[in-house]
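Analysis of the macromolecular model
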Amino acid sequence: MRSHRCGALRSSDAGSKVRLGGWVHRTRDLGGLVFLDLRDRDGIVQVSFDPARCDAATMTLAGQLTPETVVLVHGDVVARPVEGRNPELATGDVEVVATSLSVVGPAAIPAIPVARSKGDKLAAEELRLKHRVLDLRRAELQANLIMRHRLLQRARATMSGLGFLEVETPILTKPTPEGARDYLVPSRVHPGEFYALPQSPQIYKQLLMVAGYDRYFQIARCFRDEDLRADRQPEFTQIDLEASFVTQEDVQRVVETVLVDLWQEAGHEIPRPFPRLTWREAMERYGIDKPDLRFRLQITDLSAHVGADAAPFVTDAIAAGGRLRGLRVAGAADMSRKELDGLTASAKEAGAGGLIWVRRTDAGWEGQGAKALGAAFLGAVTGATGDVLLAVVGADAVTSPALHAVRTAVTRRPGVTPETAHAFCWVVDFPLFEHDPETGAHVPAHHPFTSPHGDDFGFLESDPGRVRAQHYDAVYNGNELGSGSIRITNPVLQATIFQLLGIPADEQARRFGFLLDGLGAGAPPHGGFALGFDRIAMLLAGAPSLRDVIAFPKTTAARALFEGAPTTVNARDLEALNLMTRTPRA
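I will try to describe carefully the structure that is included in this document.

Cut-offs and rules
Residues numbered from 1 in each chain as written. Predicted model: local features only at pLDDT ≥ 70, side-chain atom pairs only at ≥ 80, totals over all residues. Heavy atoms only, no water. Helix = DSSP H or I, 4+ residues; strand = E, 2+ residues; numbered from the N terminus. Buried < 20%, exposed > 50% of the residue type's maximum accessible area, 1.4 Å probe, protein only. Contact = heavy atoms within 4.5 Å. Lys, Arg positive; Asp, Glu negative; His and termini not counted. Charge placed at Lys NZ, Arg CZ, Asp CG, Glu CD. Pairing = 2+ DSSP bridges. Phe/Tyr/Trp six-rings, centres within 6.5 Å; stacked < 30°, edge-to-face > 60°. Expected span 1.5 Å × (residues − 1). Salt bridge = Lys/Arg side-chain N within 4 Å of Asp/Glu carboxyl O. Core = buried A, V, L, I, M, F, W, Y, C linked by side-chain atoms within 4.5 Å. Axes fitted to C-alpha atoms, helices over the stretch in contact; angles between N-to-C directions. Parallel < 35°, antiparallel > 145°, perpendicular 65-115°, else oblique. Left-handed = near helix turned anticlockwise from the far one by under 90°. Nonpolar A, V, L, I, M, F, W, Y, C, P; charged D, E, K, R; others polar.

Looking only at helices and strands, the protein features 17 helices and 22 strands. C-alpha atoms of the protein, sized along the principal axes, occupy 95 × 75 × 55 Å. In the protein, which comprises 586 residues, the share counted as buried stands at 44%. Pairs at least 24 apart in sequence give 66% of the contacts found in the protein among residues at least 6 apart. Between the centroid of the 65 positive side chains of the protein and the centroid of its 71 negative side chains there is a distance of 3 Å.

The structure is reproduced here in structure tokens:
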């Protein structure tokens, strides 16, 4: 039906006869001449209807077209006069002079506008998600999904070029240790039994290494039943990979290759290798394990400068094992009291009792925190005139998140520019275990299949909190892009880790027997990684939310408004699955 796409026409096509199909974007009736903006996924082209070229019926039909009607147009491509060109359109140097028109898809008045003028606000997001088909016609979303397609193809080509095999792993799986986050699927043929949708292909890809497949990757669909936010969806896509006979550095080189190629596909050249920070360094300098390295601003320990004349709340906190830590912001003495109050609010929202601040003037350090810090401190701390010192005192668990929040707010000040647009890094040597704040028990910091650091095996029984993991995160501009680790391949060590996590032998056999049996069959050293593909697409598209790079996303309440899911199921279908529902407790 079509010879060209609407948005593909250029001045080189002038003189050609074309057949176009698309959606009516806008129409303009100039009293004798009718102009139509015709849109498809490639863009918009202007179509003109002239009584000298069209019969009366075609002219009447052109004048009656409504937005979003689907039409077929035949005509001739002609160059626009210089004064009539539209530099805002890729097709702006030409137009199509129509010779025939037919309507192939009549359209009701759209519930939300697709065509917008500059300055027009989008409809509310819930309304747009309800009418997702119309929203997906917007040029911005189409560009995002086209970018997503290109990135997927580039990832596949890169991984294949590195010798990785694409292998699909099951979608109906065994419930995981984190079963509360699983989406469960009842089995009709095995009453009372359930599958789970995979949160990750983790165990399967390890088994593929045990089976000798050496290098695996998958564009994997994963599912997690948890609270949502702008950068999280209940179903998501990750670039999953695993390789045998590799070190941590080998895996990182592969991941760097993939990321450099993806950023290149989006038009950015990225240097490699990426810098490396240990987890402790990241927490010490930036207060978070996914630091934004576009800005040099770093947290420093100021405790050594505190004298006996500091305020009791400062000296008491340090005596209790806390520290005074802060940020020295160069040339920020023009901060208003309102701005400083805003930074204080950021620190408090992150759990601190407050924020101590002083400015450096020609006379020395002055300001709200001068008395609290004391004369000895102010005389010992160096700084240039115009600097501002922002500090928090307390345990690291308080000062780190508070100063990260303050640092983030400072980097968003008008006039503060990053030193680079693209700052990647690796964060390594995470703790293997964390403490559950409710039970005090050890829980895996990431997952229970991560190998302990070789130098820390001796602490597994005596001091588990001291054990580092062979785990590594890729971070970009303060965003975690993905995580990976070297895996445990010794079934005895894997059973020991399970035991430390409070999983007894019988439960290990029930939950993980197939993995332990696989490792016992001869497992090569192996490790892998998983990149959050939706987040990468969001960042490279410059979109504010994952929902803008997913064709049919869920809301933050995990609902698909366009189709009305989730929904109730009739009693007959529940009975076939041996299920029944009850009214939730108030």
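Structure's up, so let's keep going.
Moving on: the pairing of strand 22 (residues 526–532). Each regular strand shows side chains that alternate between the opposite faces of the sheet. For strand 22, the tally of buried residues reaches six of seven residues, placing the bulk of the element in the interior. Of the pairings in the sheet, the one linking strand 10 (residues 235–244) to strand 22 comprises seven bridges and is antiparallel in character. Bridged to Glu 242 within strand 22 is Gly 528.

Using the criterion set out here, one finds 12 aromatic pairs in the structure. Joined through ring pairs, the aromatic side chains of Trp 263, Phe 274, Phe 424, Trp 426, Tyr 472, Tyr 476 and Phe 529 make up one cluster.

Here strand 20 (residues 471–476) runs beside strand 21 (residues 479–486); their pairing, made up of six bridges, is antiparallel. Paired with Asp 473 across the strands is Ser 483, a residue of strand 21. Count of turn residues in the strand 20/strand 21 antiparallel hairpin: two residues, of which Asn 477 carries a positive phi of about 50 degrees. Relative to strand 22, strand 21 runs antiparallel, the two sharing five bridges. By the bridge assignment, Ile 486 is partnered in strand 22 with Gly 527.

Taking 1.5 Å per residue as the helical rise, helix 6 (residues 248–265) with its 18 residues ought to reach 26 Å, and the 26 Å between its terminal C-alpha atoms agrees with that figure. Of all 18 residues in helix 6, 14 are buried, a share of seventy percent or more. A positive phi of about 95 degrees marks Gly 267, the residue just after helix 6.

As for its placement among the helices and strands, His 453 is situated in the loop between strand 19 (442–444) and helix 13 (459–462). Overall, His 453 belongs to the buried group, its relative accessible area being 18%. Discounting residues that sit within four places of it in the chain, His 453 has contacts with Asp 429, Arg 468, Ala 469 and Gln 470.

Per the stated rule, a full pass over the model turns up 40 salt bridges. Notably, a salt bridge pairs Arg 138 with Asp 135, separated by 2.7 Å at the nearest N-O pair. Residue class for Arg 138 comes out buried when judged on its relative accessible area of 5%. In this structure Asp 135 comes out as buried when scored by relative accessible area, which is 2%. Notably, a salt bridge pairs Arg 272 with Glu 256, separated by 3.5 Å at the nearest N-O pair. Of this pair, Arg 272 sits in the loop between helix 6 and strand 11 (276–278) while Glu 256 sits in helix 6, and the two are 16 residues apart along the sequence. Each of Arg 116, Arg 128, Arg 132, Asp 135, Arg 138 and Glu 140 takes part in salt bridges that share partners, so that together they form one network.

Side chains of a nonpolar character, in soluble globular proteins, are inclined to be buried together. Core analysis: the biggest nonpolar cluster contains 42 residues, and Leu 241, Leu 259, Trp 263, Leu 481, Phe 529 and Leu 531 have the highest contact counts within it. Sorting elements by how many residues they give to this core places helix 6 first, with eight residues. When sequence neighbours within four positions are dropped, the list of residues in contact with Leu 259 reads Phe 274, Phe 424, Ala 474, Leu 481, Leu 531 and Ile 536.

Glancing now at the environment of Val 18. Following the sequence through the fold, Val 18 ends up in strand 1 (residues 17–29). Those residues within four positions of Val 18 in sequence are excluded, and the remaining contacts are Ser 3, His 4, Leu 9, Val 73, His 74, Gly 75, Val 77 and Val 96.

This part is about the environment of Gly 119. Tracing the backbone through its elements, the reader meets Gly 119 in the loop between strand 5 (94–105) and helix 2 (125–130). Remark: the alpha-carbon pair of Gly 119 and Val 306, spanning 187 residues in sequence, is separated by 53 Å.

Moving on, we come to the sheet that holds strand 1. Reading around the barrel, the five strands line up as 1-2-3-5-4 and close back on themselves, with mixed pairing between neighbours. The mean inter-strand angle of the sheet, taken between neighbouring strand axes irrespective of direction, is 55 degrees. Lying on the sheet, helix 1 (residues 56–64) is in contact with strand 2 (34–40), strand 3 (43–49) and strand 5; it crosses strand 5 at an angle near 80 degrees.

A few words now on the packing of helix 14 (residues 491–500) against helix 15 (residues 505–520). Packed helices, taken two at a time, are described by the angle between their axes plus the distance between the axes. Contact pair helix 14 / helix 15: the axes reach a minimum separation of 10 Å and the direction vectors enclose 155 degrees. On the basis of their axis angle, the class for helix 14 and helix 15 is roughly antiparallel. Along this stretch, helix 14 crosses helix 15, giving a crossing that reads as right-handed. Contacts between helix 14 and helix 15 involve Pro 491, Gln 494, Ala 495, Phe 498 and Gln 499 from the first element and Ala 505, Gln 508, Phe 512, Leu 516, Leu 519 and Gly 520 from the second. Residue composition of the contact of helix 14 with helix 15, grouped by class: seven nonpolar, four polar and no charged.

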